[in-house]
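# Architecture and fold: a report
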Amino acid sequence: MKFFVDSADLEQITDLNNIGLVDGVTTNPSIIAKSGRDFKDVVAAICALVEGPVSAEVTAVEADKMVNEGRELCKIAENICIKLPLTLDGLKACSVLSREGASTNMTLCFSPNQALLAAKCGATFVSPFIGRLDDISLDGLELIADICTIYDNYGFDTEVLAASIRNVNHVKECALAGADVMTAPPGVIRQLAAHPLTDKGLTAFLEDWKGTGQSIL
Ligand code: E4P
């Protein structure tokens with residue numbers, strides 16, 4: 001499973017990248033607004049930090065304008081992935097940009113049928129949003145499992161990028177369902193390493209080691 005960081009925080013991305021946990025980055029207009037930085041500048045900085053795909057989202061709503069914005073964003077760096085909303089216009093723009101060889105990420109996917117359309121239009125990634133479905137008492141994890149089944153049934157190349165992940169259980173369930181990628185805020189990724197028994201065990205080991213009076217170096 002690939003790990004993408006859902007953030008435009010360069011420090012957090014760098015820290016996780018240094019641990020070896022960053023296969024790519026996703027941004028959206030809200031994340032860019034939160035960064036307080038110029039869109040193209042911050043995306044260029046992220047692209048220079050990580051080797052994998054960096055999703056940058058168009059803000060137009062008509063297909064031809066999305067295509068123009070997508071082509072402009074592609075000039076930022078080779079690892080730019082054009083993020084497009086899962087509307088009919090977004091699908092049309094996805095078909096055009098994918099045929100031109102651009103990497104594409106169909107975002108705001110909330111149903112298996114939307115994911116089916118994304119695959120048919122040649123999307124590189126589809127982003128089903130788990131947390132936002134959970135917020136309205138629907139089952140976001142069931143959506144991931146359904147899309148994985150549908151893509152497997154037909155051998156689609158589009159990768160399932162589980163998004164809107166809010167907690168570590170979401171990550172585990174996505175991995176069990178077979179999602180190709182998950183994108184999560186830095187805090188959730190860090191929390192994946194946490195376990196009270198690990199902390200307790202380490203404290204005991206270090207205490208006993210101290211008692212031996214030895215050192216490795
Ligand atoms: C995905 O690409 C989105 O940027 C993100 O996962 C949305 O998450 P949210 O629903 O927590 O805002």
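A brief report on the enclosed structure follows.

### Focus: the packing of helix α6 (residues 112–120) against helix α8 (residues 140–154)
- Where α6 contacts α8, the axes come no closer than 9 Å and their chain directions differ by 40 degrees. By the angle between their axes, α6 is oblique relative to α8. The two elements α6 and α8 meet at a crossing, and its hand is right-handed. Only L143, D146, I147, I150 and Y151 of α8 make contact with α6, whose side of the interface consists of P112, A115, L116, A118 and A119.

### Topic: the environment of K40
- Structurally, the position occupied by K40 is in helix α3 (residues 39–49).
- By relative accessible area, which is 38% here, K40 ends up partly exposed.
- Spatially, the C-alpha atom of K40 lies 8.9 Å from that of A56, the residues being 16 residues apart in sequence.

### Quick look at the side chain of T183
- You can see T183 is positioned in strand β8 (residues 181–184).
- Within the local environment of T183, its side chain forms a polar contact with the side chain of T26, the two groups lying 2.5 Å apart.
- With residues near it in sequence (within four places) discarded, T183 still touches F4, V5, D6, T26, L161, A162, A163, S164 and I165.

### Some details on α3
- Within the span of α3, buried status applies to V42, V43, I46 and C47. Considered in projection along α3, the buried side chains sweep an arc of 140 degrees and stay on one side of the axis.
- Looking at the buried side of α3, the elements it contacts are α1 (10–19), β2 (24–26), α2 (29–35), β3 (54–57) and β4 (80–85).
- Measuring from the backbone nitrogen of K40 back to the side-chain oxygen at the start of α3 gives 3.3 Å, which picks out D38 as the cap.

Conventions adopted
- Starting afresh in each chain, residues are numbered from 1 along the sequence in its written order.
- Thresholds applied to this predicted model are a pLDDT of at least 70 for local features of residues and 80 or more for the giving and counting of side-chain atom pairs; totals over whole chains, interfaces and linings are not thresholded and use all residues.
- Values shown for side chains rest on all heavy atoms present in the structure; no hydrogens or waters enter the calculation.
- To get an axis, fit a line to the C-alpha atoms, keeping to the stretch in contact for a helix; angles then go from 0 to 180 degrees between the N-to-C directions.
- Helix and strand labels come from DSSP, where a helix needs a run of H or I of at least four residues and a strand needs a run of E of at least two; each type is numbered from the N terminus.
- Any angle from 65 to 115 degrees is called roughly perpendicular, while one under 35 is roughly parallel, one over 145 is roughly antiparallel, and all others are oblique.
- Here a crossing is taken to be left-handed if its near helix is turned anticlockwise relative to the far helix by less than a right angle, and right-handed if that turn runs clockwise.
- Contacts were defined at the residue level, with two residues in contact if any of their heavy atoms lie within 4.5 Å.
- We call a residue buried when its accessible area falls under 20% of the maximum for its residue type, exposed when it is over 50%, and partly exposed in between, using a 1.4 Å probe and counting protein chains only.
- Distance and chemistry together define a polar contact, namely a pair of N or O atoms within 3.5 Å, with one atom able to donate a hydrogen and the other to accept it when in protein, and with adjacent residues in sequence counting only for side-chain atoms on both sides.
- To be clear, the arc concerns the directions from the helix axis to the C-beta atoms.

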